[in-house]
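Residues per chain are reported as follows:
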Amino acid sequence: MKAFSIFRLASGAVVVAIAAWLGVNGAVGIRAALGAETAEAAGLGWPIGMIVLAVALLAGYYLTVVARTRLRRIMENIFSIPELVRKLGFTIGLLAIYRIGYWIPIPGLNQEALSAARDAAEAGAEGQSQAVGGFLQTVALYTGGNLQDSTIFGLGIMPYITASIIFQLLGTVVPSIERLQREGEAGRRKIQEYTRYATVLLCLIQASFWVRYQSGNFYDGYGGPLTILMGILGMTTGTIFLMWLGEQIDEYGIGNGISLLIMGGIVARMPQAFVLLFSNATWTFAGDSSKIGPLKLVVLAAMFVAVIAGAILITQGQRRIPIQQAKMTRGRRVYGGQRHYLPLRVNHGGVMPIIFTSALMIFPGVIFGWLEQFWPGSSVLGFLSRSFQQNSFVYWLCYIALIFFFAYFWTTVQFKPKEMADQLRDSGSFIPGLRPGRRTAEYLEKVMERITYCGAAFLALIAVIPTLINLWMGIDYYIAAFLGGTGLLITVSVALDLVQRVEAQLVMRNYGGFLGDNIKIKGAR
């Protein structure tokens, strides 16, 4: 337990230092508020929030590594496996490198001019400015990039994801790629090589457009062809480096590297959301209506827990199809006859339908905003431009419709009932009451269509929750975004996958899992 003792001392020193800093600053803020003429003028929300956060940190540390609880036993089991500790340390180290590069800007940019342009785009009230602001927020949310500050990781990992999706879709229409997909590990490596080449090409195209778009924000004396070329190469190299980091995590770390990078970018935004929340909070029921009162804070906390529980439920949800294995007699022994089940995921498409929809719904607002500038007197273009802003009914109606469309589209691409039915028949298994072959394939397709409807409805609900909270409760969208949407679903999915991988390492070495000695997380393979 030497490794665990070192971890407990090191983490305790860090937690106590952070909690002490938060507590002191919170006490100073409360004293200043009580000394003011009105508590509302000085603002009690943020000081009390700091103290609450300090107490939560100390309580979490005590329950995790000090008290004799199940959490401490799990931590001791983790640190008793040197290989698992090395994998976790390697993964955390690469994520730290990613967060450092996240803030390194491409050379030649005037950061003050860039910040002013970014704030104007994000706070734009109408037309193209609002569309660009929404584009920047969307890209930052699910790519792990930082286009707002035009850093070397500005494009994030999205070009690599796009290239992977392209080759996955091409596998259904191009026979040569389909043959590579069926060749096992050798074919996978060849497709991975093609994916890397496509990623470089996409990075060069996207970086060229973005650097040219930011050409007005270069320092005086910069902005020439060499500076633009340096910016393009810098952003392309940054994405390639992120791709390499993800592959290293897959091979030597634990968890899915690409997903962990995206999750790291999402989780890193949470402290800013908490700062904004407590800065706008008031602890009096008769305070300013524009502030977040105690009742709203309770409702937000309850909804946050409920949405996370729902996301876990739908992510792990399965429709289990019973399967009977045929009996085979060899000599005097009878083999087979066991009953199994075929798990069909309710949310088979994961977060891909929301990602596709979010990316596609950016363009109508931008396009109609540009067209309205060329024909300012057109009432039709003005109506379309206003209809495709994020606070309009038409926008969200199209958004929900596209989520359903992409949910079924992605399920059609990924789920192949005919191949699944053939595999069951070849292995000597069948679904009770159905003939192997075509009847089994039709049944599987029918079941998947029904459960996909439920999964798509859940995705649509998750996607609109932040906007509903923003409009009905007057909560800033930056705060409400952590109560739903793509970011929360990605975070929950990646966290569950990471927990299941750690639990598999523990169970493989005869240690108890996260839920107990003989209990596995439901839905885990």
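Because the structure is a prediction, the values reported are computed rather than measured.

Draft legend 1. Geometry of the overall build of the protein chain. When helices and strands are counted, the protein chain shows 22 helices and five strands. Across the 525 residues in the protein chain, those meeting the buried criterion constitute 44%. The long-range fraction of contacts in the protein chain, counting pairs at least 24 apart against all pairs at least 6 apart in sequence, stands at 69%.

Draft legend 2. View of the confidence of the model for the protein chain. The predicted model of the protein chain has a mean per-residue pLDDT of 78, with 82% of residues at 70 or higher. The secondary structure element of the protein chain with the lowest average pLDDT is helix 2 (residues 39–42), at 46, and the one with the highest is helix 5 (residues 82–101), at 89. In this model, residues 124–131 is a region of pLDDT below 50 whose contacts with residues beyond four sequence positions or in other chains number 15 contacts.

Draft legend 3. Quick peek at the environment of L360. When you line up the elements, L360 lands in helix 15 (residues 352–360). Note: C-alpha distance between L360 and L402 (42 residues apart in sequence) is 9.0 Å. In contact with L360, not counting residues within four places along its chain, are L402 and F406.

Draft legend 4. A look at the sheet that holds strand 4 (residues 339–345). Spatially, the three strands line up as an open sheet ordered 4-1-5, and their pairing is antiparallel. The strands lining the two open edges of the sheet, one partner per strand, are strand 4 and strand 5 (429–430). Sheet topology note: the strand 1 (residues 318–325)/strand 4 ladder contains seven bridges and is antiparallel. Among the inter-strand pairings, R320 is bridged to a residue of strand 4, identified as P343.

Draft legend 5. Geometry of the pattern of salt bridges. Inspection of the entire model under this criterion finds 10 salt bridges. A salt bridge links D422 to K418, with the shortest nitrogen-to-oxygen separation between them at 3.4 Å. Separated by four residues within a single helix, D422 and K418 lie in helix 19 (residues 417–426), roughly one turn from each other. K418 gets classed as exposed once you look at its relative accessible area, which sits at 58%. Among the charged side chains, a salt-bridge network with shared partners connects K418, D422, R425 and D426.

Draft legend 6. Molecular detail of the packing of aromatic side chains. Here the structure, examined in full by the defined rule, presents 15 aromatic pairs. Centroid distance Y102 to W103: 5.0 Å. Interplanar angle 80 degrees. Geometry classified as edge-to-face. Residues Y395 and Y399 carry aromatic rings whose centres are separated by 5.9 Å and whose planes lie at 35 degrees to one another, so their mutual orientation is tilted. Taken together, the positions of Y395 and Y399, both in helix 18 (residues 393–414) and four residues apart, correspond to about one turn of that helix. Judged by relative accessible area, which is 6%, Y399 ranks as buried. Directly above the aromatic system of Y102 lies the positively charged group of R99, at a separation of 4.2 Å from the ring centroid.

Draft legend 7. Summary view of the pairing of strand 1. When strand 1 meets strand 5, the two strands line up antiparallel, connected through two bridges. Its bridge partner being in strand 5, Q324 is matched across the sheet by F430.

Draft legend 8. Local environment of the nonpolar core. Core analysis: the biggest nonpolar cluster contains 65 residues, and I157 and Y399 have the highest contact counts within it. Ranked by size, the runner-up nonpolar core spans 12 residues in total, among them I323, L434, L444 and V447.

Draft legend 9. Seen up close, empty space enclosed by the protein. Counted under the stated rule, the structure contains two cavities of 30 Å³ or more. Each pocket or cavity is described by its volume, and for the second largest cavity that value is around 50 Å³. Taken together, V346, N347, H348, G349, P353, A407, T411, T452, G455, A456 and L459 make up the lining of the second largest cavity. Considering each element in turn, the lining of the second largest cavity owes the most residues, four residues, to helix 20 (residues 438–472). For the lining of the second largest cavity, a count of residues per class yields five nonpolar, six polar and no charged.

Draft legend 10. Fine view of the packing of helix 10 (residues 185–213) against helix 11 (residues 225–252). Two elements in contact, helix 10 and helix 11, have axes separated by 8 Å at closest approach and are oriented at 145 degrees. Classified by chirality, the crossing of helix 11 by helix 10 is right-handed. Contacts between helix 10 and helix 11 involve Q192, R196, T199, V200, C203, L204, A207, S208, W210, V211 and R212 from the first element and I228, G231, I232, M235, T236, T239, I240, M243 and E247 from the second. Per-class residue counts for the contact of helix 10 with helix 11 are 11 nonpolar, six polar and three charged.

Draft legend 11. Examining the packing of helix 19 against helix 20 more closely. Packing of helix 19 against helix 20 brings their axes to within 8 Å, and their N-to-C directions diverge by 130 degrees. Viewed along their axes, helix 19 and helix 20 adopt a mutual orientation that is oblique. Classified by chirality, the crossing of helix 20 by helix 19 is right-handed. Here P417, K418, M420, A421 and L424 of helix 19 lie close against helix 20, whose contacting residues are T440, A441, L444 and E445. Split into classes, the residues belonging to the contact of helix 19 with helix 20 amount to six nonpolar, one polar and two charged.

Draft legend 12. Geometry of the environment of F153. Here F153 lies in the loop between helix 7 (127–143) and helix 8 (158–170). Between the C-alpha atom of F153 and that of R99, which follows or precedes it by 54 residues, the distance is 9.5 Å.

Draft legend 13. Geometry of helix 13 (residues 270–279). Inspection of helix 13 places A273, L277 and F278 among the buried residues, and these make up the whole buried set. Burial along helix 13 is one-sided: seen end-on, the buried residues are contained in an arc of 125 degrees.

Basis of the calculations
Residues numbered from 1 in each chain as written. Predicted model: local features only at pLDDT ≥ 70, side-chain atom pairs only at ≥ 80, totals over all residues. Heavy atoms only, no water. Helix = DSSP H or I, 4+ residues; strand = E, 2+ residues; numbered from the N terminus. Buried < 20%, exposed > 50% of the residue type's maximum accessible area, 1.4 Å probe, protein only. Contact = heavy atoms within 4.5 Å. pLDDT = per-residue confidence, 0-100. Pairing = 2+ DSSP bridges. Salt bridge = Lys/Arg side-chain N within 4 Å of Asp/Glu carboxyl O. Phe/Tyr/Trp six-rings, centres within 6.5 Å; stacked < 30°, edge-to-face > 60°. Lys NZ or Arg CZ within 6 Å of the ring centre and 35° of its normal. Core = buried A, V, L, I, M, F, W, Y, C linked by side-chain atoms within 4.5 Å. 1 Å grid on protein atoms, 1.4 Å probe; cavity = no way out; pocket = protein on both sides within 12 Å on 5 of 7 lines; lining within 4 Å. Points joined across faces, edges and corners; volume = space filled by probe spheres on them. Nonpolar A, V, L, I, M, F, W, Y, C, P; charged D, E, K, R; others polar. Axes fitted to C-alpha atoms, helices over the stretch in contact; angles between N-to-C directions. Left-handed = near helix turned anticlockwise from the far one by under 90°. Parallel < 35°, antiparallel > 145°, perpendicular 65-115°, else oblique. Arc of directions from axis to C-beta.

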